[in-house]
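One letter stands for each residue in the lines below.
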Amino acid sequence: MRVVTTAQPLDVQPTPLALLLLGREADPKSERGVECPGDLPSPSDPNLVARARAAKEKLGDKVFILGHHYQRDEVIEFADVTGDSFKLAKDAAAKPEAEYIVFCGVHFMAESADILTSDDQKVVLPDLAAGCSMADMATAEQVAECWDVLTEAGVADATVPVSYMNSSADIKAFTGKHGGTICTSSNAKKALEWAFEQGEKILFLPDQHLGRNTAVRDMGMSLDDCVLYNPHKPNGGLTVEQLRNAKMILWRGHCSVHGRFSVDSVNDVRARIPGVNVLVHPECKHEVVAAADYVGSTEYIIKALEAAPAGSKWAIGTELNLVRRLANRFAAEDKEVVFLDKTVCFCSTMNRIDLPHLVWTLESLAEGNLVNRIQVDKETESFAKLALERMLALA
């Protein structure tokens, strides 16, 4: 017999996190802002390209559009320059005559551009929901607590923080305040060498894989020299002895895109494409990097394919928008370029910047309405800029 009961409505209030994920609230301390005022053009509007061109022409030299390599083709088409996050921030700083810097990337990149540009320039992010899951994995409160743990273990004075460019302005400021530097995937080794001249240990934030790969693959350390600090466990899940013995204290963070690649992906593509060259980004897991033929930053990947001989075959382990663009670009040179994994792997937050958001942004600016400005407070900016300047001094 089936018994039917009448359920009473539950008085359940959604949590702030649930509202954030639903897009109904914003967390100012998170990379994932969600408020984006204004009405966007319809994605099916056939006039979007013409509208973007008209708005950009109307703005003229007042606007400078930066396009990260992982952006959609429809957005890259309107970028004045393309590149990785740090290159684009430097490009913005080198364009002082531009009143508006439209950063087609993610939140931490726009923050870096604001830090490096003049007070007269206004940095705009077309969609405030374009954040970074990796940057979100290290909050200012968590890192401050970690430093307390290192202090109690008696190792803070001997530890130098090194933070990846893919971090929030707050983390960059922490790094600058505690004598550390910022790094990119292309100069991480140089940054670690500098840091070891300043202290005995490194706290590497927030990407564990770039830190581990640089230490072990590029600097000859062992995996035993590295420990993983988990901010969600008491004392990071580490003993005092582990902290004292470690050379590299790696933050438990990762890139959601590059973390998907596996050794199985490498083995599979080698079986499918005889003679293929496997080229991966150093944000990939250590075992994937060890199984690859070549490892390097986004700029390194592009240059490697440019220099590759005709007829060569390449499997690339990085974001799909870039891989697809490279495949189309080099097909005419008889270079075969494929995505390393069978699973489609776009950067979901990068893809929030689409043509409707860009058109809305440009048209708003052309009408004199400043939207979605990214502005770092002065104290945070001063310490974050100090860390960035230390990195620039290493070049």
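In the block above lies the structure referred to throughout.
All of these numbers come straight from a predicted model, not from anything done at the bench.

**Quick word on the environment of Ile249**
By secondary structure assignment, the location of Ile249 is in strand S9 (residues 248-251). When residues no more than four places from it in sequence are discounted, the contact partners of Ile249 are Leu150, Ile202, Leu203, Phe204, Val227, Tyr229 and Leu243.

**Quick notes on the packing of aromatic side chains**
Here the structure, examined in full by the defined rule, presents four aromatic pairs. Between the aromatic rings of Tyr294 and Trp314, the centroid separation amounts to 5.6 Å while the plane-to-plane angle is 40 degrees, which identifies the pairing as tilted. Separated by 20 residues along the polypeptide, Tyr294 in strand S11 (residues 294-295) and Trp314 in strand S12 (residues 313-317) bring together distant segments of the chain. Taking the relative accessible area as the measure of exposure, Tyr294 reaches 34% and is therefore partly exposed.

**Here's the deal with the sheet that holds strand S14 (residues 373-374)**
Two pairing modes exist for strands in a sheet, parallel and antiparallel, and in both the strands are linked by backbone hydrogen bonds. Ordered by their spatial adjacency, five strands build an open sheet running S2-S1-S3-S4-S14, and the pairing between neighbours is mixed. Edge positions in the sheet fall to strand S2 (81-83) and S14, since each has one partner strand and no second. Pairing analysis gives three bridges linking strand S3 (residues 100-104) to strand S4 (residues 122-124), with the strands arranged parallel. Directly across from Val102, in S4, lies its bridge partner Val124. Strand contacts of helix H4 (residues 85-93): strand S1 (63-68), S2 and S3, with the helix running at about 170 degrees to S1, the strand carrying the most contacts.

**Looking at the nonpolar core**
Judged by nonpolar contacts, the single largest core of 106 residues is most densely connected at Val102, Phe204, Met248 and Val280. In contact with Val280, not counting residues within four places along its chain, are Val288, Val289, Ala292, Tyr294, Val295, Gly296, Gly317 and Leu340. Counting 20 residues, the second largest nonpolar core, distinct from the first, contains Val149, Ala156, Ile171 and Leu203.

**A few points about the pattern of salt bridges**
Within the structure shown, the criterion is met by 17 salt bridges. Notably, a salt bridge pairs Asp45 with Arg51, separated by 2.7 Å at the nearest N-O pair. For Asp45, a relative accessible area of 18% translates into the label buried. A salt bridge links Arg325 to Asp73; the nearest nitrogen and oxygen atoms lie 2.7 Å apart. Separated by 252 residues along the polypeptide, Arg325 in helix H15 (residues 320-331) and Asp73 in helix H3 (residues 73-76) bring together distant segments of the chain. Among the residues examined, Asp73 registers a relative accessible area of 39% and is labelled partly exposed. Three or more residues joined by partner-sharing salt bridges are found here, namely Asp45, Arg51 and Glu363.

Cut-offs and rules
- Residues numbered from 1 in each chain as written.
- Predicted model: local features only at pLDDT ≥ 70, side-chain atom pairs only at ≥ 80, totals over all residues.
- Heavy atoms only, no water.
- Helix = DSSP H or I, 4+ residues; strand = E, 2+ residues; numbered from the N terminus.
- Contact = heavy atoms within 4.5 Å.
- Phe/Tyr/Trp six-rings, centres within 6.5 Å; stacked < 30°, edge-to-face > 60°.
- Buried < 20%, exposed > 50% of the residue type's maximum accessible area, 1.4 Å probe, protein only.
- Pairing = 2+ DSSP bridges.
- Axes fitted to C-alpha atoms, helices over the stretch in contact; angles between N-to-C directions.
- Core = buried A, V, L, I, M, F, W, Y, C linked by side-chain atoms within 4.5 Å.
- Salt bridge = Lys/Arg side-chain N within 4 Å of Asp/Glu carboxyl O.

Limitation: the analysis is restricted to geometry and does not speak to function.
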